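Chain and residue survey
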Amino acid sequence: VKWDLLNWKHIRRFKELQEKERPGLLIGSPPCTSFCALLHMNESTRARIEERQEKYGKPMVRTCVDAYWKQLEMGKHFLHEHPKKAGSWNMPEVKALEADSRVYKVNSSMCKYGMRARGPDGKEGWVRKDTTWMTSCKAIADALEGECDGSHPHVHLVGGRAKHAQVYPSGLVDEILGQYAKEVYKK
């Protein structure tokens, strides 16, 4: 199911499901297009970008943060992902969640998990995509932490290539689920 975090009907249904099903791990990665650091490089579009953040980006992040607080309240876990330089990390709601002692924030590079894309020359290469994670699961945080050592070249995600980095590589998915299982079943 693709949730529209701007549609109040979807939000209400999502909250009902969260309460009913009480997921052990809730993963959130709202679209980061409104917060993309590259968009702020052009002064002429800054006002439009900020308006888009207020209308689209911030409400979606707030919905996610509310859901993460609910997870903590239920004694469950969450994992949130956004690019390292995304402006969403500076939102007061995100900062408040980050300050909770049950929450861990770490950085990693997606090439560590096998993320690849085609460069302007048509050749496939590694995608660094520096990413920040916030989670209540210590095992996940410990496993995800670690940025690229720079020992290989990277494809730059400009010129429409960023969309190729929207899908998590299977190595990352396996790592997250494996660490979550390790955390939950250690008890």
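Attention in this report is confined to the structure presented alongside it. Since this is a predicted model, take the numbers as computed values, not measurements. (Residues numbered from 1 in each chain as written. Predicted model: local features only at pLDDT ≥ 70, side-chain atom pairs only at ≥ 80, totals over all residues. Heavy atoms only, no water.)

1. A few points about the pattern of salt bridges
All told, the structure shown has 12 salt bridges when counted by the stated rule. When the shortest N-O distance is used, the salt bridge between Glu124 and Arg116 registers 3.0 Å. We classify Glu124 as partly exposed; its relative accessible area is 43%. Here Arg128 makes a salt bridge to Asp130, at a shortest N to O gap of 2.9 Å. We classify Arg128 as partly exposed; its relative accessible area is 28%. (Salt bridge = Lys/Arg side-chain N within 4 Å of Asp/Glu carboxyl O. Buried < 20%, exposed > 50% of the residue type's maximum accessible area, 1.4 Å probe, protein only.)

2. Considerations on helix α5 (residues 170-185)
Counted at 1.5 Å a residue, the expected span for α5 with its 16 residues is 22 Å, and the 22 Å between its end C-alpha atoms agrees. In this structure, the buried residues of α5 make contact with β1 (25-28), β2 (77-83), β6 (130-135) and α4 (138-144). (Helix = DSSP H or I, 4+ residues; strand = E, 2+ residues; numbered from the N terminus. Expected span 1.5 Å × (residues − 1). Contact = heavy atoms within 4.5 Å.)

3. Focus: the side chain of Thr131
Position of Thr131 among the secondary structure elements: in strand β6. You can call Thr131 buried: its relative accessible area is 0%. Polar contacts involving the side chain of Thr131 include one to the main-chain carbonyl oxygen of Lys129, which spans 2.8 Å. Filtering out sequence-adjacent residues up to four positions away, Thr131 remains in contact with Glu81, His82, Pro83, Lys84, Val106, Asn107, Ser108 and Met110. (Polar contact = N/O pair within 3.5 Å; in protein donor to acceptor, adjacent residues only side chain to side chain.)

4. Examining the nonpolar core
Counting 19 residues, the largest nonpolar core has Leu79, Trp133, Ile140, Leu144, Leu172 and Ile176 as its most contacted members. If you list the elements that add at least two residues to this core, you get α4 and α5. Ranked by residue count, the leading element in this core is α4, at four residues. Residues in contact with Leu144, not counting those within four places in the same chain, are Leu79, Val106, Asn107, Ser108, Lys112, Tyr113, Trp133, Leu172 and Ile176. Core analysis: the next-biggest nonpolar cluster, separate from the first, contains 18 residues, Met60, Val61, Tyr68 and Phe78 among them. (Core = buried A, V, L, I, M, F, W, Y, C linked by side-chain atoms within 4.5 Å.)

Any functional reading would require information beyond the geometric quantities listed.
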